[in-house]
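# A look at the structure
Each chain, written out:
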Amino acid sequence: MATDETAAVPRNRVTAADRNGVDGSTLTERIGLDDAEIRWRKEFTGFDETDIDALVAMEDEVDASAEAVVEDFYDNLQSFDETVEIFGRSSKSVEQLKRTQEQYLRDLVAGDYGR
């Protein structure tokens, strides 16, 4: 819940131009996310072939349920004034955010865990 102090702080809206101005390759280079760093992070978290196999095995199930899961997730988020206010600052509509979230879920089980 927002306090009076935080409620008075103006919040900037992320625009489509802001979003389009992000170059993922440049950003990953700037933060040092190269192949060696990715390998280290996977080792640090214990993410290995067993995890990849388990995630890929869920692909059909995730694909079949992604839309319903995202609908339920956003229905819940939209029941809170605080999250509705956050959505209002986005240049993406809730429907666009839903499609992005669905794609994210499908990408999680697609088997590509590089950058």
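See the structure printed just above.
Here is a short report on the structure shown in this document. Owing to the predicted nature of the structure, the values given are computational and were not obtained by experimental measurement.

The tally for this structure, following the rule as stated, stands at nine salt bridges. The partner of K98 in a salt bridge is E71, and the shortest N-O contact between them spans 3.0 Å. You can see K98 sitting in helix α8 (residues 94-108) and its partner E71 sitting in helix α6 (residues 59-77), a full 27 residues away along the chain. Accessibility expressed as a relative area gives 4% for K98, which makes it buried. Ionic pairing is found between E85 and R89, a salt bridge with its closest N-O pair at 2.8 Å. Shared partners join several salt bridges into a network, and the residues in it are D63, E71, E95, K98, R99, E102 and R106.

The next thing to look at is the side chain of S90. As for its position among the elements, S90 is in the loop between α7 (81-88) and α8. Within polar-contact distance, the side chain of S90 engages the backbone nitrogen of K92 at 2.9 Å.

What follows deals with the packing of α6 against α8. Interhelical geometry of α6 versus α8 gives an angle of 140 degrees and a closest axis separation of 9 Å. In terms of axis orientation, α6 runs oblique to α8. Helix-helix and strand crossings are classified by hand; for α6 and α8 the assignment is right-handed. Packed against α6, whose contacting residues are V62, D63, A66, E67, V69, V70, E71 and Y74, the element α8 presents V94, L97, K98, R99, Q101, E102, L105 and R106 at the interface. Across the contact of α6 with α8, the residue classes tally to eight nonpolar, one polar and seven charged.

Each α-helix turn comprises 3.6 residues. Residues three or four places apart therefore point the same way. If you check α6, its first and last C-alpha atoms are 25 Å apart, about what 19 residues at 1.5 Å a residue would give, namely 27 Å. The sharpest bend along α6 comes to roughly 50 degrees, located at S65. Within α6 the residues assigned to the buried category are V62, A66, V70, Y74 and L77. Contacts made by the buried residues of α6 are with α7 and α8.

What counts, and at which threshold
Residues numbered from 1 in each chain as written. Predicted model: local features only at pLDDT ≥ 70, side-chain atom pairs only at ≥ 80, totals over all residues. Heavy atoms only, no water. Salt bridge = Lys/Arg side-chain N within 4 Å of Asp/Glu carboxyl O. Helix = DSSP H or I, 4+ residues; strand = E, 2+ residues; numbered from the N terminus. Buried < 20%, exposed > 50% of the residue type's maximum accessible area, 1.4 Å probe, protein only. Polar contact = N/O pair within 3.5 Å; in protein donor to acceptor, adjacent residues only side chain to side chain. Axes fitted to C-alpha atoms, helices over the stretch in contact; angles between N-to-C directions. Parallel < 35°, antiparallel > 145°, perpendicular 65-115°, else oblique. Left-handed = near helix turned anticlockwise from the far one by under 90°. Contact = heavy atoms within 4.5 Å. Nonpolar A, V, L, I, M, F, W, Y, C, P; charged D, E, K, R; others polar. Expected span 1.5 Å × (residues − 1). Bend = angle between axes of the 7 residues up to and from the residue.

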